[in-house]
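These are the residues of each chain, in order.
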Amino acid sequence: MQKTVNEEYLRKVDKVKSINPEDVSNYLGNISPETVRSWIKSGTCPFGYVIKKEGSRRSYFYINVEALIRFKGGDITATA
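Predicted model only: the values in this text are computed from it and were never measured.

1. Quick notes on the overall build of the protein chain
The helix and strand inventory of the protein chain stands at four helices and two strands. Listing every helix and strand of the protein chain by position from the N terminus yields α-α-α-β-β-α. Its C-alpha atoms give the protein chain principal-axis dimensions of roughly 35 × 30 × 25 Å. For the protein chain, restricting intrachain contacts to residue pairs at least 6 apart in sequence, the fraction spanning at least 24 positions comes to 36%. Accessible surface computed for the protein chain: about 5500 Å², of which carbon and sulfur atoms make up 48%.

2. Observations concerning the packing of helix α2 (residues 21-28) against helix α4 (residues 65-72)
Where α2 contacts α4, the axes come no closer than 11 Å and their chain directions differ by 25°. Relative to α4, the element α2 is oriented roughly parallel. For α2 against α4, the interelement crossing comes out right-handed. In contact with Val24, Tyr27 and Leu28 of α2, α4 contributes Leu68, Ile69, Phe71 and Lys72.

3. Observations concerning the environment of Gly48
Inspection of the secondary structure assignment puts Gly48 in strand β1 (residues 48-52). Spatially, the C-alpha atom of Gly48 lies 5.8 Å from that of Asn64, the residues being 16 residues apart in sequence. Beyond its immediate stretch of four places on either side in the chain, Gly48 contacts Ile40, Tyr62 and Ile63.

4. Comments concerning a nonpolar patch on the surface
A cluster of nonpolar side chains, contributed by Tyr49, Ile51, Tyr60 and Tyr62, occupies part of the molecular surface with about 390 Å² of accessible area. Looking at the nonpolar patch, the elements that each hand over two or more residues are β1 and β2 (59-63). Of note, Tyr60 is situated in strand β2.

5. A few points about the pattern of salt bridges
Inspection of the entire model under this criterion finds three salt bridges. Of the charged contacts in the structure, one is a salt bridge between Arg37 and Glu22, with a shortest N-O distance of 2.2 Å. On the criterion of sequence distance, the pair formed by Arg37 in helix α3 (residues 33-42) and Glu22 in helix α2 is long-range, its members being 15 residues apart. If you follow the salt bridges from partner to partner, you end up with Glu7, Arg11 and Glu66 in one network.

Each value, and the rule that gives it
Residues numbered from 1 in each chain as written. Predicted model: local features only at pLDDT ≥ 70, side-chain atom pairs only at ≥ 80, totals over all residues. Heavy atoms only, no water. Helix = DSSP H or I, 4+ residues; strand = E, 2+ residues; numbered from the N terminus. Contact = heavy atoms within 4.5 Å. Areas by Shrake-Rupley, 256 points an atom, 1.4 Å probe, with all protein chains shown as cover. Axes fitted to C-alpha atoms, helices over the stretch in contact; angles between N-to-C directions. Parallel < 35°, antiparallel > 145°, perpendicular 65-115°, else oblique. Left-handed = near helix turned anticlockwise from the far one by under 90°. Patch = residues over 30% accessible without salt bridge, like charges linked within 9 Å, V, L, I, M, F, W, Y side chains within 5 Å. Salt bridge = Lys/Arg side-chain N within 4 Å of Asp/Glu carboxyl O.

Right, dumping it as structure tokens:
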């Protein structure tokens, strides 16, 4: 069962842990987690960025919750 992700959930969770691409996918509703990851890695995502430690295979995604909410509301757009 897919969890419901809304503004209240995002703001509450953001205070305790970071939001992940799956949460972004659920919140936006029309984009897969894999696409969110690719978009953030490309550097054109207006609400997140990726951190990859040297020598590590794993990427860590930082999602700015307020920017994500503003993006969904149409207040900010993606960069080219």
